[in-house]
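Residue-level listing of the chains:
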Amino acid sequence: MHSDDEDLATLSAATIAVAAGRPPREPDAPLNFPLTPASVFVAGGDREYGRYSNPSWEPFEEVLGRLEGGRALAFSSGLAVVAAIIDLVSPGEVVVAPRHAYLGTLQQLATKEQRGQLKVRMVDVSDTAAVLDACEDAALVWLESPTNPALEVADIPAVVDGAHEAGARVVVDNTFATPLLQRPLTLGADIVMHSATKYLAGHSDAVLGAAVTTDDATFAALDGQRRLLGSIPGTLETWLAVRGMRTLHLRVERAQQNARTLLPRLESHRAVDQVRYPGFGGIIAIEVRGGAPAADLLTRSTRLWVHATSLGGVESTFERRRRWQSEQATIPENLVRMSVGVEDVEDLWADLSRALDGLAHA
Ligand SMILES: *Cc1c(COP(=O)(O)O)cnc(C)c1O
């Protein structure tokens with residue numbers, strides 16, 4: 001912890017993103033922490049071995065921890081975090097989970113359920129009454145909000161109240177919202193998780209995950225899992241993520257502004273049947289008139305928008321989700337998830353509207 005800790009506590013998120021996790025200010029010190037590739041440290045200190053700790057992880061954990069309002073742990077990927085959290089559930093216990101969520105999360109839960117290791121109750125996270133009903137006897141309530149790719153939004157404070165009353169812990173996958181738009185720990189959630197691969201790193205060049213919590217026992221348990229399972233982050237990945245997070249507030253703001261500009265234009269375009277937007281953030285889902293073939297044609301018809309999975313990078317990407325065999329059957333065949341980037345919005349619209357116009361005439 002640094003001497004300027006208390007100063008940072010009163011600062012806004014934008015300033016924390018820029019100022020937190022810096023080396024101490026001393027003459028000739030670098031402004032950024034150097035990358036430390038190291039598998040082993042001289043004995044007698046706290047580090048010892050590269051699977052226990054690395055100085056390159058800590059700036060990332062410090063910036064994210066401050067932004068979310070807890071203590072952060074970096075993991076090798078978002079799914080490594082999912083695995084570490086699910087592992088906290090004891091045999092036979094019940095997990096309440098979103099019917100629409102990141103596929104890997106649902107697959108991990110389904111695999112564990114098939115092996116008889118836990119029981120899953122699927123809910124529509126936007127149906128608060130249904131979620132609260134499902135909380136009875138549950139050990140863990142898994143929220144993703146907004147959900148991937150249906151963009152359903154959960155009432156986090158209401159679910160937290162009900163879950164805690166039932167004795168269940170609440171995890172929120174905050175990947176889509178980022179701590180700039182939603183801070184689940186301040187709403188009472190027990191753990192926040194991120195695929196830092198997406199908005200936090202933000203440049204489509206690193207795979208990384210993180211868990212954040214205010215509870216010391218949970219922190220210790222997850223830290224123990226990370227050591228034991230070896231699901232540690234790469235040093236370059238955390239370094240890149242810190243570099244990315246220095247502009248997180250600018251990127252999220254711009255992506256959201258671009259998304260809001262595109263929204264009414266998409267809604268009134270004749271090639272678009274339906275538009276989903278959770279009210280905040282940079283992700284939009286559209287249903288393209290003409291079914292899967294039209295949606296596939298759209299993803300092949302742009303020059304700027306890149307047809308690619310994943311999201312949250314500076315560049316605008318989009319994808320027909322049902323091209324994945326494993327995507328939920330309740331997701332429409334013609335749904336295209338759009339991750340709006342930080343380019344000039346008129347250039348984005350020119351590219352997109354030309355491709356959409358092409359569908360309308362096809
Ligand atoms: C991508 C993603 C994950 C998985 O993270 P990885 O870094 O790809 O392992 C989990 N949750 C959400 C919402 C995601 O978008």
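Counting starts from 1 at the beginning of each chain's written sequence and moves along it residue by residue. Per-residue local features are limited, in this predicted model, to residues with pLDDT of at least 70; the limit for side-chain atom pairs, both in listing and counting, is 80 or more; totals at the level of whole chains, interfaces and linings are taken over all residues. Computation of side-chain values covers all heavy atoms of the structure but excludes hydrogens and water.

### Comments concerning the overall build of the protein
Filter applied, for reference: Helix and strand labels come from DSSP, where a helix needs a run of H or I of at least four residues and a strand needs a run of E of at least two; each type is numbered from the N terminus. The cut-offs for exposure are 20% and 50% of the maximum accessible area for each residue type, with area from a 1.4 Å probe on protein chains only; residues under the lower value are buried, those over the upper are exposed, and the others partly exposed. In this analysis, two residues are considered to be in contact whenever any of their non-hydrogen atoms come within 4.5 Å of each other.
The number of helices and strands found in the protein is 13 helices and twelve strands. Principal-axis analysis of the C-alpha atoms places the extent of the protein at approximately 70 × 55 × 35 Å. Within the span of the protein, comprising 362 residues, buried residues form 51% of the whole. For the protein, the proportion of contacts with a sequence separation of at least 24, taken over those separated by at least 6, is 67%.

### A few points about a negative patch on the surface
Our working rule: Residues enter patches when they are more than 30% accessible in relative terms and free of salt bridges; like-charged ones are connected within 9 Å and nonpolar ones (Val, Leu, Ile, Met, Phe, Trp, Tyr) within 5 Å. Values of accessible area rely on a 1.4 Å probe in the Shrake-Rupley scheme; residue burial ignores everything except the protein chains shown. When a carboxyl oxygen of Asp or Glu is within 4 Å of a side-chain nitrogen of Lys or Arg, the pair counts as a salt bridge. His is not counted, nor are the chain ends; Lys and Arg add positive charge and Asp and Glu add negative charge. In this description, the location of a charge corresponds to atom NZ of lysine, CZ of arginine, CG of aspartate or CD of glutamate.
On the surface, Asp127, Asp133, Glu136 and Asp137 cluster together to form a negatively charged patch. Asp127 gets classed as partly exposed once you look at its relative accessible area, which sits at 36%.

### Focus: the domain arrangement of the protein
Using the following cut-off: Bear in mind that the domain bounds are from an automatic or database domain assignment. Accessible-area loss on putting two parts together, using a 1.4 Å probe and summing over both, is the definition of buried area adopted here. Basically, the charged four are Asp, Glu, Lys and Arg, the nonpolar ten are Ala, Val, Leu, Ile, Met, Phe, Trp, Tyr, Cys and Pro, and anything else, Gly included, counts as polar.
Segmentation of the protein into domains returns domain 1 (2-245) and domain 2 (248-360). Using C-alpha coordinates to define each centre, domain 1 is positioned 27 Å away from domain 2. Domain 1 puts 30 residues into the contact, and the matching count from domain 2 is 28 residues. Both sides of the domain 1 and domain 2 interface together cover about 2,500 Å² of buried area, and 67% of this is carbon and sulfur. Between domain 1 and domain 2 we count zero salt bridges in total. Of all the secondary structure elements, the ones that give two or more residues to the side of domain 1 that touches domain 2 are helix H2 (13-19), helix H5 (103-114), helix H8 (178-181) and helix H10 (235-245). Among the residues making up the side of domain 1 that touches domain 2, the classes are represented as 19 nonpolar, nine polar and two charged.

### Some details on the sheet that holds strand E11 (residues 317-320)
Our working definition: A pair of strands counts as paired when DSSP detects no fewer than two bridges linking them. Every angle, taken between N-to-C directions, lies between 0 and 180 degrees, and every axis is a line fitted to C-alpha atoms, over only the stretch in contact when it is a helix.
Judged by pairing direction, the sheet is mixed, and its five strands sit side by side in the order E8-E9-E12-E11-E10 without closing on themselves. Edge positions in the sheet fall to strand E8 (272-276) and strand E10 (306-307), since each of these pairs with one other strand and no more. Here E11 runs beside strand E12 (residues 335-339); their pairing, made up of four bridges, is antiparallel. Counterpart to Phe318 in the pairing with E12 is Met338. Of the strands in this sheet, E8, strand E9 (283-288) and E12 are in contact with helix H11 (residues 248-267), which crosses E9 at around 15 degrees.

### Some remarks on the site of the ligand
To keep things clear, this is the line we draw: Consider each residue's heavy atoms; a residue with any of them within 4 Å of a molecule or strand counts as near. Within 3.5 Å is the distance limit for a polar contact, defined as a pair of N or O atoms, with the added protein rule that one can donate a hydrogen and the other accept it, and that residues adjacent in sequence qualify only through two side-chain atoms.
What surrounds the ligand is the set Ser77, Gly78, Leu79, Tyr102, Glu144, Asp173, Thr175, Phe176, Ser195, Thr197, Lys198 and Leu208. Leu79 is positioned with one of its backbone polar atoms (N or O) 2.9 Å from an oxygen atom of the ligand. At 2.7 Å, a side-chain N or O of Asp173 approaches a nitrogen atom of the ligand. Its free accessible area being 380 Å², the ligand has 93% of it covered by the protein chains. Looking at the shell around the ligand residue by residue, the classes come out as four nonpolar, five polar and three charged.

### Focus: the packing of aromatic side chains
The relative placement of two aromatic rings is captured by the distance of their centres and the angle of their planes. Defined as follows: Within 6.5 Å between ring centres, the rings of Phe, Tyr and Trp (the latter by its six-membered ring) count as paired, and their orientation is classed by plane angle as stacked under 30 degrees, edge-to-face over 60, tilted in between.
Enumeration over the complete set of coordinates arrives at two aromatic pairs. Seen from their ring centres, Tyr49 and Tyr52 are 5.7 Å apart, and the 75 degrees between their planes marks the pair as edge-to-face. We classify Tyr49 as partly exposed; its relative accessible area is 38%. Residue Tyr52 is classed as partly exposed on the basis of its relative accessible area, which comes to 31%.

### Regarding the side chain of Glu152
With respect to the helices and strands, Glu152 occurs in the loop between strand E4 (138-144) and helix H7 (156-165). There is a polar contact of 2.9 Å between the side chain of Glu152 and the side chain of His100. One polar contact links Glu152 to Thr147, side chain to side chain, over a distance of 2.7 Å. Contact partners of Glu152, with chain neighbours within four places excluded, come to Arg99, His100, Asp124, Val125, Ser126, Glu144, Ser145, Pro146 and Thr147.

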